[in-house]
4 protein chains.
Amino acid sequence: MEAVTTVMQVALIQIDDYGPWTVTPEPRRETDLQSLQASLFADFAEFVGAYDGYAFYGRFDNMYAVVNEIDPTAFERFQRRVRNSYPVTVSVGVGRASTPVEALDVASERLQAAGSAQDGDRREVLAVGSDEPVEAGSVTVGHFDVVDVTGSLTDRRNAVDVTLAIRRATLELVTYLRQEYDSIAHFVGGDNIIAVCPDIGPGAFDDAIEHVNAETGIELQVGVGRGPTAHVAGDEAKAALERCRATGARIRGVDKLPADD
Amino acid sequence: MEAVTTVMQVALIQIDDYGPWTVTPEPRRETDLQSLQASLFADFAEFVGAYDGYAFYGRFDNMYAVVNEIDPTAFERFQRRVRNSYPVTVSVGVGRASTPVEALDVASERLQAAGSAQDGDRREVLAVGSDEPVEAGSVTVGHFDVVDVTGSLTDRRNAVDVTLAIRRATLELVTYLRQEYDSIAHFVGGDNIIAVCPDIGPGAFDDAIEHVNAETGIELQVGVGRGPTAHVAGDEAKAALERCRATGARIRGVDKLPADD
Amino acid sequence: MEAVTTVMQVALIQIDDYGPWTVTPEPRRETDLQSLQASLFADFAEFVGAYDGYAFYGRFDNMYAVVNEIDPTAFERFQRRVRNSYPVTVSVGVGRASTPVEALDVASERLQAAGSAQDGDRREVLAVGSDEPVEAGSVTVGHFDVVDVTGSLTDRRNAVDVTLAIRRATLELVTYLRQEYDSIAHFVGGDNIIAVCPDIGPGAFDDAIEHVNAETGIELQVGVGRGPTAHVAGDEAKAALERCRATGARIRGVDKLPADD
Amino acid sequence: MEAVTTVMQVALIQIDDYGPWTVTPEPRRETDLQSLQASLFADFAEFVGAYDGYAFYGRFDNMYAVVNEIDPTAFERFQRRVRNSYPVTVSVGVGRASTPVEALDVASERLQAAGSAQDGDRREVLAVGSDEPVEAGSVTVGHFDVVDVTGSLTDRRNAVDVTLAIRRATLELVTYLRQEYDSIAHFVGGDNIIAVCPDIGPGAFDDAIEHVNAETGIELQVGVGRGPTAHVAGDEAKAALERCRATGARIRGVDKLPADD
């Protein structure tokens, strides 16, 4: 099999000096902070979506995105939008590497080299390095959800316990994929978890599902897609997940996976 | 010591028939869904904040709030706002009990009694029961964060690993407080976790911090506040957490706790 | 006929030091300013709507609202929301009088007394005076639109000329109602104009329609409603306007008007 | 002087079947409609701004933009965003011509050919024709405001009367520039009016200012800019307007205008 060059470009967004801002001159109302963070992520997701990337809310004051088809200097536009729309500003680091985690490492290091996130003087840094443009490569996306979540969880248990069960499954999955396959996975609402991965095969997804089931008793299914951007790969993954739901298969997707349909 | 009556009122918000909507007529763009969910939560937090409650994003398609000082029928206003602003609608269940988890149980049951979350015919249900008005009681809020998170995590490790570490600490804390003290705790951004609790004392918070440290190696600190609403209690908790940061104490807050200052 | 006490409460919102901000450190992107102003008005309308008032965008940096059922100090909440959501802050003046225009005069004077809108030191003023609480009174709302606008304008002429025609009709109507009846009227989108009035009768509305027709050749119709709040009166006015559309009548509404149905 | 090819591309956005929606199943709350319209325009301005265009709110249910550097099919992205964010959908017409008004005529005709704005079956039309790509041309932007508005109006008169005075000046200016110079001008907040024009000279702007002064007694000043996009021309115009403010000149801008500085 010929090697596929995978080049991932990952962006890390940090709200500048956010902790101190939230308590100056006195602690700001918690629901206002929740609203601000969520609105900022809503705008970030929209911005990244325009470049066919995927955005994850991370910890809200640190958000990230896998977005291959953007010239990193275009994040200046996002910084300008934030400055002109919000009471806070953001710094951005961008990194490229052959896996999502390595790329995020590079982005993190670039941002850290520009100063601490709590440094009041570090404002609106855009740390993009001098990477070559992203070569044509491929992104692999796995879109997971819980088998029959409504029947097994939502309609039976209270919202806190359902959330806890899904959070535990998410944490096990995210940790496993990060350690074993250098992938970035994230909860995206409901019972859905999305993983952005280097070029890994069906065995890896099978292992991940097994691992989560063994650790938590929760059964996941996954649709897998591949393409030049997170969006294209992710759309294929969603379609494949629909086939899981329809057929009862646990993994569906790209042609390297067991035949389906 | 005289017994304090604690009556918690908890609201559960569910997007109606959301799963099917996200894939009809074909899967919708993931970043649009992320943006929609985050915007909806931003509005929900603002709505709840106007009644001095606290809102948590839960799984985004299921959000909840602890909000004592609202007449449950006022959620009709939120439903109307959503209907007139978004392409989706929401159903709301409200419950009251002496602990947050019990109250959420009641809210969940009321909503489930009105039909499945995936039932295409269940739209804009407002299931509030016929509880007596909330009596004067008190809410206890614990506002946790990680000791020296910037120095120990943010500026040292990449964003994925910091997020994973905080997520693990969060999950352990949330699970523990739910099981041992019938409390609802939730990640609220950065390295912050907020717990809404019945009338528990400093020993409980100490146990929780110990537990998280033993399970994950992460050291938390907590400010504790008490008051008639989540907002009042939470503001006191935030101020107490500032004293932790200033003094190095691990727990600060209401006068029942070890003397501070 | 017994005299009806009409007490109007009007709020004026001004963005603090906005002109200088838009060009500091250099002129900000025009579309960002448009977006900011529109978002701020969207939030203001929502805030005012929660108190059953009506909000008008005015000149965007100066917005106003007729909102009887609010304690003026509640605008602190709106100021806090803006401070925690936007890169600008707002000052608020509130006035009461027997007509909308007089009430706005009072609000304007109170705000001007606190300093110029371009005074960099005037920030987040809340100038509410010490009026007595609003007595029970009644608001009269007229909801106007153009007779058969789609057939006569929208589908025939280009968008600029339709907009110009409607703007001219609006300006004539607003000026006339302000001069003759101390009313505040405002364009609210499409071909709709809303007037908030003291206790005036059908003859006044008839005069206004005649005046606009004589000056511009455009034929308006109006639904009129009365009630304790702008919202209640306005809802009645909208329902009456629907009856105009259905019956071809030019004025419909409160029982003092010519019998309808 | 060599002829400059001016090709303007104008987009017209219409909310589909909006009038009926606002009263179905019963009239929707006015402040919710205000909020919806303003939010939609905020998003439209942001979308257009990403392509260096200028957006105008028009009548809110009909908005337009001058946006040369966009492939018209890119409006599909805006339509998708609206569909996934709002309870309404939009249709879009795009036209090109040598003046803004002609281009908007073309856009209007294309949209009207696809069905009436009130036609319940006309949904998400994208009527872009088959124009050649926009050639390199130049846009002229005039950015007007009122001379010393704060001193002469804002701090002296009440907000309604200031707004009326500015609206009257705006209407006279917009009408004049539309009739004499095939230009699209629009109020953009405060005391600012922006005109997008074909290649007209300083005499035209001087005439316009004279006309407004003669009709309304209000004295305007204008900065003029020229460039390949509305944004570039508009930024130059803003800078020129700053020079008016600093020097007391009534017109400043491109080199064809009387020498400044």
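Cut-offs used in this document
- Residues numbered from 1 in each chain as written.
- Chains lettered and ligands numbered in written order.
- Predicted model: local features only at pLDDT ≥ 70, side-chain atom pairs only at ≥ 80, totals over all residues.
- Heavy atoms only, no water.
- Helix = DSSP H or I, 4+ residues; strand = E, 2+ residues; numbered from the N terminus.
- Buried < 20%, exposed > 50% of the residue type's maximum accessible area, 1.4 Å probe, protein only.
- Contact = heavy atoms within 4.5 Å.
- Areas by Shrake-Rupley, 256 points an atom, 1.4 Å probe, with all protein chains shown as cover.
- Lys, Arg positive; Asp, Glu negative; His and termini not counted.
- Charge placed at Lys NZ, Arg CZ, Asp CG, Glu CD.
- Axes fitted to C-alpha atoms, helices over the stretch in contact; angles between N-to-C directions.
- Parallel < 35°, antiparallel > 145°, perpendicular 65-115°, else oblique.
- Left-handed = near helix turned anticlockwise from the far one by under 90°.
- Nonpolar A, V, L, I, M, F, W, Y, C, P; charged D, E, K, R; others polar.
- Domains from an automatic or database assignment.
- Buried area = accessible area lost by both parts, 1.4 Å probe.
- Salt bridge = Lys/Arg side-chain N within 4 Å of Asp/Glu carboxyl O.
- Polar contact = N/O pair within 3.5 Å; in protein donor to acceptor, adjacent residues only side chain to side chain.
- Least-squares fit on C-alpha atoms with pLDDT ≥ 70 in both.

## Side note on the overall build of chain A
Then, in step 1: Each helix and strand in chain A was counted, giving eight helices and 10 strands.
Then, in step 2: Taken along the three principal axes of its C-alpha coordinates, chain A extends 55 × 50 × 30 Å.
Then, in step 3: By the burial criterion, 64% of the 261 residues in chain A qualify as buried.
Then, in step 4: Across chain A, the fraction of contacts at a sequence separation of at least 24, relative to all contacts at a separation of at least 6, is 69%.
Then, in step 5: Roughly 8700 Å² of accessible area belongs to chain A as shown, and the carbon and sulfur atoms make up 46% of that amount.
Then, in step 6: Each charge class in chain A can be summarised by its mean position, and for the 23 positive and 42 negative side chains these summaries are 4 Å apart.

## Description of the packing of helix H6 (residues 159–181) of chain B against helix H7 (residues 202–216) of chain B
All names here are of chain B.
Then, in step 1: One way to put it is that H6 packs onto H7 with a least axis distance of 9 Å and a crossing angle of 140°. The pairing of H6 with H7 is recorded here as oblique in orientation. For H6 against H7, the interelement crossing comes out right-handed. Residues Arg168, Ala169, Glu172, Leu173, Tyr176, Leu177 and Tyr181 of H6 form the contact with H7, whose own contacting residues are Ala204, Asp207, Ala208, His211, Val212, Glu215 and Thr216.
Then, in step 2: Per-class residue counts for the contact of H6 with H7 are eight nonpolar, two polar and four charged.

## Digging into the domain arrangement of chain A
Residues and elements named next belong to chain A.
Then, in step 1: Entries for chain A in the domain assignment read domain 1 (8–128) and domain 2 (139–252).
Then, in step 2: A C-alpha centroid distance of 25 Å is found between domain 1 and domain 2.
Then, in step 3: In this complex, domain 1 contributes 17 residues to the contact, which on the side of domain 2 involves 21 residues.
Then, in step 4: Carbon and sulfur atoms make up 71% of the surface buried where domain 1 meets domain 2, a total of about 1600 Å² over both sides.
Then, in step 5: The three residues of domain 1 that bury the most area against domain 2 are Tyr54, Phe56 and Val101, which together make up 37% of that side's buried surface.
Then, in step 6: Where domain 1 touches domain 2, the interface holds zero salt bridges.
Then, in step 7: If you look at where domain 1 meets domain 2, you find four residue pairs in polar contact (both at pLDDT 80 or more).
Then, in step 8: The set of elements that each furnish at least two residues to the side of domain 1 that touches domain 2 consists of strand S2 (54–56), strand S3 (62–66) and helix H4 (100–113).
Then, in step 9: Looking at the side of domain 1 that touches domain 2, the element that brings in the most residues is H4, giving four residues.
Then, in step 10: Each residue belonging to the side of domain 1 that touches domain 2 can be placed in one class, and the counts come to nine nonpolar, five polar and three charged.

## Regarding the relation of the copies chain A and chain B
Then, in step 1: Superposing chain A onto chain B takes a rotation of 180° plus a shift of 0.0 Å along the axis, which leaves an RMSD of 0.0 Å. Between the two chains, the operation in question is that of a two-fold axis. Considering only C-alpha atoms, the residue of chain A closest to the rotation axis is Ala38 of chain A, which sits at 2.5 Å.
Then, in step 2: Interface overlap between copies is the fraction of interface residues in one copy that are interface residues in the other; for chain A against chain B it reaches 100%, indicating a shared surface.

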